[in-house]
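# Per-entry structural report
For reference, the chains in residue letters:
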Amino acid sequence: MNYTRVSQNRRLRAGVFLVAMMLATLALLRSGYAHEAPLQQATLAQATMPEDSRPIQTSEPQTSKADAPSVCGQLGFSNNTYSVGDGPYDIAVGDFNGDGKPDLASANARANEVSVLLGGGNGTFSTAVSYPAGYVPLSLSVADIFGDRIDDLITADNYTTGVSYLQGAGDGSFLPPYAVTMGHAPHSVTVGDLNNDGWPDLISVSGSENKVSVRLNDGVGDFEPVTDYNVSLTPFSAAIGDFNADGNPDLVTANSDSDNVSVLLGNGDGTFQLPINFMAGSEPVAVVVGDFNGDGKLDLADANRASNSVSVLLGNGDGLFQAPLYFGAGPDPLDIQVGDLNGDGLLDLVTANDLPNDVSVLLGYGDGTFRAALNFSIGVPSYAVAVSDFNGDGKLDMASVSYDSDNVSVLLNTCVSLTNTPTPTPLPTDTPLPTQTPGGPTATPPPNPTACAIQFTDMPSDNTFYPSVRCLACRGIISGYPCGSIGEPCGPGNDPYFRPGSPVSRGQLAKIVSNSAGFSEPPASQSFEDVLPGSAFYDFVERLASRGVMAGYACGGAGEPCGNGNRPYFRPASGATRGQLTKIVSNAAGFSDPPPATYTFTDIPVGSTFHTYVERLLLNRPGVMGGYACGGAGEPCDQEKRPYFRPSSPLTRGQTSKIVGNTFYPNCDTPARAGSR
């Protein structure tokens, strides 16, 4: 979050920014350590929608679409507030005492300090303890700078020429700040590994100099000399992502006075190419990165303060972005974050809003568009927001800071599951996988079930995926979504919808495969930093991980700090691909045939990542899956006219059902109810 307070309802623009901050810092109220009791003011944050809740139209009108699948019957949050230091301006989440529970830290601009609130793992936090920071800290990041598996804090010190880091002691306390020279009057600081050496580097943006500054971590507790890159007018924040899929981290800045974002493609050695500018909204002040349409390519979303909106720029995967789509947010949005708030496997957006004293949640459809904003009141202006699971229930919560009231608001997710969503039935007791024999393991033939009453409105009997969907649904492995949403009217039987074209997340895939394979043993221990015990996919992920079926991503990357156990991240909300599905299903089924010297699909040749798993599935379950005929755009035919598999394409619910169903329940026959189509 990066914007500067000048009065109760206004903020200075760049020209008078430094004068305002000088006046603010003359009235510093605290230094050293402060101990303040949390304000126990638990209230239920109610969702409100603006009168005009339609997405702001671009040149092409956005058509209405069905609501994205949602685990929630109604999204809601309970609000508890905690006192922190004077003038909190930004907030960050980390594990500062190594207990595996998320903690909070705020950057207090008026007090020149940071406040730390240690989490209890149940949604409550300890009394804030404050530590000295740099001069007027406006931005806050968390990273393990020294490689000691202890989270450190980094602040952007606006009334200086750089940033400061506070080394963590590992018990929740911090050493005095150490200044690192960057650009003049930095508005924000971001941390990430820019040269792929495993060490977090520093990125700051300077609105007064229109540049982004980079200092590379030398791995011994210091940083290489600063390198500056010019961008557009008045950059306020930066984010990291691989926008052209070359494996090298890239940068993007939100530039408030030029109404655009600047993308700087990385060379892989910590240096960057000249910026490419893309139009955003009116006065963008914060930017985040995510795959909002499930195509495997990173997209951008920014908060536009002057137009009370969010811009979404869909990525082409080559470093270029499409024209922005605009969606209404709360008035005066100052910060933006991304996460799956309603547990449907699709990324949502959250904005911190100053003037109406609330935060806005824009639920994603999974195609790059978003529902109208739901506004949740916190009673005070919101300057910045963070997203994490603070009570270990598997649902993402929010935390917001208010510069005016000197407190942190913790909003625990009270989302209640839909009561009329089909509930999976108990699965057979787990048995060891059969010994591999030629032709694959001999599966126990599924019993002939009695007529199954489950029928999906959007799955007629002539649909390609119909047999597999019914096979899994009638065994309680998959379910659908109640009719009645926009574009999904109820028929005479009130049948639910399956949405075969909707994407599948890694967490959802783990659940489907684990249940189909019949795995049911209690998990032994936590393997992944972001899949906590008791969370929605914990049991299923652990059952697969214990068998080596699924793995994760090393901690230490952007937004994925290493905890005390140095666990990897699973990324349960990230979209799964067709290639990943073949590996997971083949391994879960116990197929271990040696890889053949031939290949079936043009784009999965011998030696490629998924060749072994694709061919094992085809060998053991002939007809388990198909491909796409060659000859289309970018898919020329070879001499054998082999089809294409498209292993990097996003996985859909229909495709998952077919491949999983054909693998674990071959020739599955599920009698339909009388009168069904």
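Residues numbered from 1 in each chain as written. Predicted model: local features only at pLDDT ≥ 70, side-chain atom pairs only at ≥ 80, totals over all residues. Heavy atoms only, no water.

The subject of this paragraph is the state of the cysteines. Evaluated as defined, the whole model comprises 3 disulfides. Through a disulfide, Cys 483 is tied to Cys 490; the S-S separation comes to 2.0 Å. One disulfide, between Cys 483 and Cys 490, carries an S-S torsion of 95° and so falls in the right-handed class. The buried category is assigned to Cys 483, whose relative accessible area is 17%. By relative accessible area, Cys 490 is classed as partly exposed at 39%. Each disulfide pairs two cysteine sulfurs, and for Cys 555 the partner residue is Cys 562, the sulfurs being separated by 2.0 Å. The chirality of the disulfide connecting Cys 555 with Cys 562 is right-handed, given an S-S dihedral of about 95°. Among the residues examined, Cys 562 registers a relative accessible area of 11% and is labelled buried. (Disulfide = S-S within 2.5 Å. Buried < 20%, exposed > 50% of the residue type's maximum accessible area, 1.4 Å probe, protein only.)

Attention now goes to unusual backbone geometry. One non-glycine residue, Asn 196, lies in the positive phi region at around 60°. Structurally, the position occupied by Asn 196 is in the loop between strand E14 (186-192) and strand E15 (201-206). Taking the relative accessible area as the measure of exposure, Asn 196 reaches 44% and is therefore partly exposed. Positive phi outside glycine occurs at Asn 566, with the angle close to 55°. Looking at the secondary structure, you find Asn 566 in the loop between helix H4 (538-545) and helix H5 (578-588). (Helix = DSSP H or I, 4+ residues; strand = E, 2+ residues; numbered from the N terminus.)

Let's shift gears to the packing of aromatic side chains. This model, assessed by the stated rule, comprises 20 aromatic pairs. Here Tyr 89 and Tyr 403 contribute two aromatic rings whose centre-to-centre distance is 5.6 Å and whose plane-to-plane angle is 90°, an arrangement assigned as edge-to-face. Note that Tyr 89 is positioned in strand E6 (residues 88-94) and Tyr 403 in the loop between strand E31 (397-402) and strand E32 (407-413), a separation of 314 residues in sequence. Each of the two residues, Tyr 89 as well as Tyr 403, counts as buried. Aromatic ring contacts, followed pair by pair, group Phe 146, Tyr 165, Tyr 178 and Phe 223 into a single cluster. For the cation-ring pair, Arg 475 lies above Tyr 665, with the distance from its terminal atom to the ring centre recorded as 5.4 Å. Its guanidinium or amino end placed over the ring of Phe 519, Arg 547 lies 3.6 Å from that ring's centre, counting from NZ or CZ. (Phe/Tyr/Trp six-rings, centres within 6.5 Å; stacked < 30°, edge-to-face > 60°. Lys NZ or Arg CZ within 6 Å of the ring centre and 35° of its normal.)

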